[in-house]
Amino acid sequence: MEKPLDTALVWFRRDLRTADHAALHHALKAARRVWCVFVYDRDILDPLPRADRRVAFIHASIAELDQQLADLAAARGTSGVRLIVRHGSAAQEVPQLAAALGVQAVYTNHDDEPAALARDAMVRDGLASAGIAMHTSKDHVVFERSELLTGTGKPYGVFTPYKNSWLKKLEPFFVKAYPIERHAASLAPVPAAHATALPSLEALGFRPVDLQALNIPTGSSGAQRLVADFMARIGAYEDTRNFPAVKGPSYLSVHLRFGTVSVRELAALAWQHIQEAPPAQRAGAQVWLSELVWRDFYHQILHHHPRVVGACFKPEFDRIVWEQGEHADALFKAWCEGRTGYPLVDAAMAQINQTGYMHNRLRMVVASFLVKDLGLDWRRGEAYFALHLNDFDLAANNGGWQWAASTGCDAQPWFRIFNPVRQSETFDPAGKFIRRYLPQLAALPDAALHAPWAARPIDLASAGIVVGRDYPLPVVQHDEARLRTLERYKVVKGSGVAAGEAAD
């Protein structure tokens, strides 16, 4: 039996909660005194825009985490427990703080992004030089790394067999919550030398963002409100999830990204619903659980194939010749700014630009449009999403873009190309979403809203719209762009395709 530690430090990263927290649980069990730290890592933050919604989300969630730690300790009669916060390079700040506190070990949760692994290696080396151990735990996914392998011991590259293996392996043990309260007496008051007030956003070099106006609840409390709201309507998820004007999604993605909610808790809730709900009400939970499986799938792809950061999962597609030059740059700018002339695409881009959120169906639509209508490199869109999405997660973002570009694992077939007008007519038939984000088109009748350039002159005149003045003409013609894309991919694939297989 291992000898109990005297002191330990828990390093919070993308796990901003106290409930069901693997590293915190292990530290509290192992050590007599435990301190907690969060580092506003300048290596990550300095390149970001000064009014970054994600930093504002983290900042609000850190304040709640600080209070949660204080409340846990106060319930056991201990005062002075706070979250230690540093602003600097985590690779330097964590070893320095651990040494200053004289801890014997640092506990933290896994982060398999390549930059995070490089950072953690530096932290581990810095701790080792001071004789301090570093212990890491799985916390961000249900199954990680090599927990699920094929019968030949290789990582999965196709989703469906991975999902089948995931569901077969799932049992209560893997979604059981880590108990925190019973060990909370180990939380120790912060020494006076390290007890500083939480920094303001301004002190971190960022401007405030009104997250409330954007309807973005923060912290664990915000996550739990969303969980309760979604579980009351999860039965309808399969029917509502594809319609951007309908309250269908869980809206929990940003909370999963920053760990203000436990993925184990969410998987357990979905699984329980599947087991206990009447058969007619299970489909929504089954589909939503599949979304959590997709998340795990992309994380294990990133772990086993880190080359996907910057390269195609299927190497042959690295030979695709994308549009380049000034015209390509102008097309990309029009896509970014929502000026493509395709209302659903433009409304979706307005949504991400204004709120940092984009509906999942629309992520597929705009990605397909960038790659297969405009002929632009998927990496340009991936980078734009990385900068603007509140829930940006490298594994999921990369996986989603490579799926849309047909370059990834289990990808959209290369000859299947979303028709943006048909997508609009199918998933926003009454134009509620389009009208919300493109008010200049609001007066058009529903039938004319999806392709204004083809609207009847009388409808345009009645709405006071001149296409090309009040709303742009299409930057490309979809049918022509589709043929160019098929030729572009045929060069790589070396095969033909039936014309009827290409539209969606």
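Our subject is the structure that appears above.
Scope of this entry: the structure provided in the associated data block. (Residues numbered from 1 in each chain as written. Predicted model: local features only at pLDDT ≥ 70, side-chain atom pairs only at ≥ 80, totals over all residues. Heavy atoms only, no water.)

### Some thoughts on the layout of surface pockets
Counted as a void, the largest pocket has a volume near 1300 Å³. Lining the largest pocket we find 44 residues, and of these E291, W294, Y298, N360 and R363 sit closest to its centre. Elements supplying a minimum of two residues to the lining of the largest pocket: α6 (159-169), α9 (253-258), α11 (283-304), α14 (360-373) and α16 (394-405). Tallied by class, residues from the lining of the largest pocket come to 23 nonpolar, nine polar and 12 charged. When residues in the lining of the second largest pocket are grouped by element, the largest group, five residues, is from helix α5 (residues 114-129). Considered class by class, the residues forming the lining of the second largest pocket number 25 nonpolar, three polar and 11 charged. (1 Å grid on protein atoms, 1.4 Å probe; cavity = no way out; pocket = protein on both sides within 12 Å on 5 of 7 lines; lining within 4 Å. Points joined across faces, edges and corners; volume = space filled by probe spheres on them. Helix = DSSP H or I, 4+ residues; strand = E, 2+ residues; numbered from the N terminus. Nonpolar A, V, L, I, M, F, W, Y, C, P; charged D, E, K, R; others polar.)

### A closer look at the packing of aromatic side chains
Counted under the stated rule, the structure contains 29 aromatic pairs. Measuring from centroid to centroid gives 6.0 Å for W335 and W401, while their planes differ by 70 degrees, and the two rings are edge-to-face. Within this pair, whereas W335 is found in helix α12 (residues 326-336), its partner W401 is found in helix α16, the two being separated by 66 residues in sequence. W401 carries the same exposure label as W335, and that label is buried. Directly above the ring of W11 sits R13, whose terminal nitrogen or CZ lies 4.4 Å from the centroid. Above the ring of F206, the side-chain terminus of R50 is found at 4.0 Å from the ring centroid. (Phe/Tyr/Trp six-rings, centres within 6.5 Å; stacked < 30°, edge-to-face > 60°. Buried < 20%, exposed > 50% of the residue type's maximum accessible area, 1.4 Å probe, protein only. Lys NZ or Arg CZ within 6 Å of the ring centre and 35° of its normal.)

### Overview of unusual backbone geometry
With a phi angle near 60 degrees, Y251 is a residue other than glycine that sits in the positive phi range. Using a relative accessible area of 30% as the deciding quantity, one classes Y251 as partly exposed.

### With respect to the packing of helix α13 (residues 343-355) against α14
One way to put it is that α13 packs onto α14 with a least axis distance of 10 Å and a crossing angle of 115 degrees. Pair α13 / α14 crosses with left-handed handedness. For the pair α13 and α14, contact is made by L344, V345, A348, M349 and Q351 and by L362, V365, V366 and F369, respectively. Residue classes in the contact of α13 with α14 are distributed as eight nonpolar, one polar and no charged. (Axes fitted to C-alpha atoms, helices over the stretch in contact; angles between N-to-C directions. Left-handed = near helix turned anticlockwise from the far one by under 90°. Contact = heavy atoms within 4.5 Å.)

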